[in-house]
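Geometric and topological summary
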Amino acid sequence: MRALVVWSFAVLMTVAACGDGPPSHPGSRAELLQMLKVDQEVRTLKASEEDWDRVDRANTDRMRQILDAHGWPGHTMVGEDGAHAAWALIQHADRDLHLQRRGLELMRQAVEKGEADPSDLAYLVDRVRVAEKKPQVYGTQWETDPQGNWRPRTPIENAAKVDERRADVGLKPLKEYVEELKSLE
């Protein structure tokens with residue numbers, strides 16, 4: 001599980017701010033980016049479970065308030081990096097599946113309007129499906145077994161077509177993704 005977290009950190013840190021103009025809610029963008037920074041700082045092998053729990057609870061509570069007030073914080077509102085931060089924070093709200101499902105639906109609508117990244121949505125689809133003990137659609141959620149071998153957290157639905165689905169949302173082929181996971185060990 002910790003190896004998955006380290007990989008998640010590496011992926012999240014590769015995202016850069018971009019967009020067509022300044023966000024309509026720069027204060028919300030700054031708050032989301034700060035929340036993500038704290039989230040990532042606690043997701044290390046050095047952090048205590050108590051710190052991790054405290055940060056996750058605070059971020060989950062705040063994301064619930066943000067969704068209540070604004071719906072999905074999309075690109076226009078908080079910039080691409082702010083929208084990505086919102087996704088990561090909902091993705092990490094594992095103690096509140098209801099909130100993750102709600103975020104998933106709002107994010108799905110945002111993707112349809114060009115206000116969120118389809119590849120981020122793919123990760124959230126799989127995260128929710130794993131929590132529901134259902135097969136993954138995109139094969140984004142992995143873990144290591146007791147011997148240290150990487151495996152999907154739940155089976156991948158129609159695995160023969162997974163690379164087509166991944167390509168549709170801008171994700172690299174599954175084999176390359178797994179090789180990246182292995183390189184983080």
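You'll find the structure just up there.
Residues numbered from 1 in each chain as written. Predicted model: local features only at pLDDT ≥ 70, side-chain atom pairs only at ≥ 80, totals over all residues. Heavy atoms only, no water.

**With respect to the overall build of the protein**
Within the protein, the secondary structure is distributed over eight helices and two strands. In the protein, the succession of α and β elements from N to C terminus is α-α-α-α-α-α-β-β-α-α. Taken over 185 residues, the protein has a buried fraction of 46%. The contacts in the protein between residues at least 6 apart in sequence include a share of 59% that link residues at least 24 apart. (Helix = DSSP H or I, 4+ residues; strand = E, 2+ residues; numbered from the N terminus. Buried < 20%, exposed > 50% of the residue type's maximum accessible area, 1.4 Å probe, protein only. Contact = heavy atoms within 4.5 Å.)

**Some details on the nonpolar core**
L32, M63, W72 and W142 are the most contacted members of the largest nonpolar core, which totals 41 residues. Elements with a minimum of two residues in this core: α2 (26-42), α3 (49-70), α4 (75-91), α5 (97-112), α6 (118-131) and α8 (174-183). For this core, the element with the most residues is α4, which contributes nine residues. In contact with W72, other than residues within four places in its own chain, are L67, A83, A86, W87, I90, G103, L106, M107, A110 and A116. (Core = buried A, V, L, I, M, F, W, Y, C linked by side-chain atoms within 4.5 Å.)

**Some words on the packing of α4 against α5**
Direction vectors running N to C along α4 and α5 enclose 150 degrees, while the axes themselves pass 9 Å from each other. One element, α4, and the other, α5, form an angle in the roughly antiparallel class. Classified by chirality, the crossing of α5 by α4 is left-handed. Residue-level inspection shows W87, I90 and Q91 of α4 in contact with α5, the latter providing L99, Q100, G103 and M107. Here the residues of the contact of α4 with α5 sort into four nonpolar, three polar and no charged. (Axes fitted to C-alpha atoms, helices over the stretch in contact; angles between N-to-C directions. Parallel < 35°, antiparallel > 145°, perpendicular 65-115°, else oblique. Left-handed = near helix turned anticlockwise from the far one by under 90°. Nonpolar A, V, L, I, M, F, W, Y, C, P; charged D, E, K, R; others polar.)

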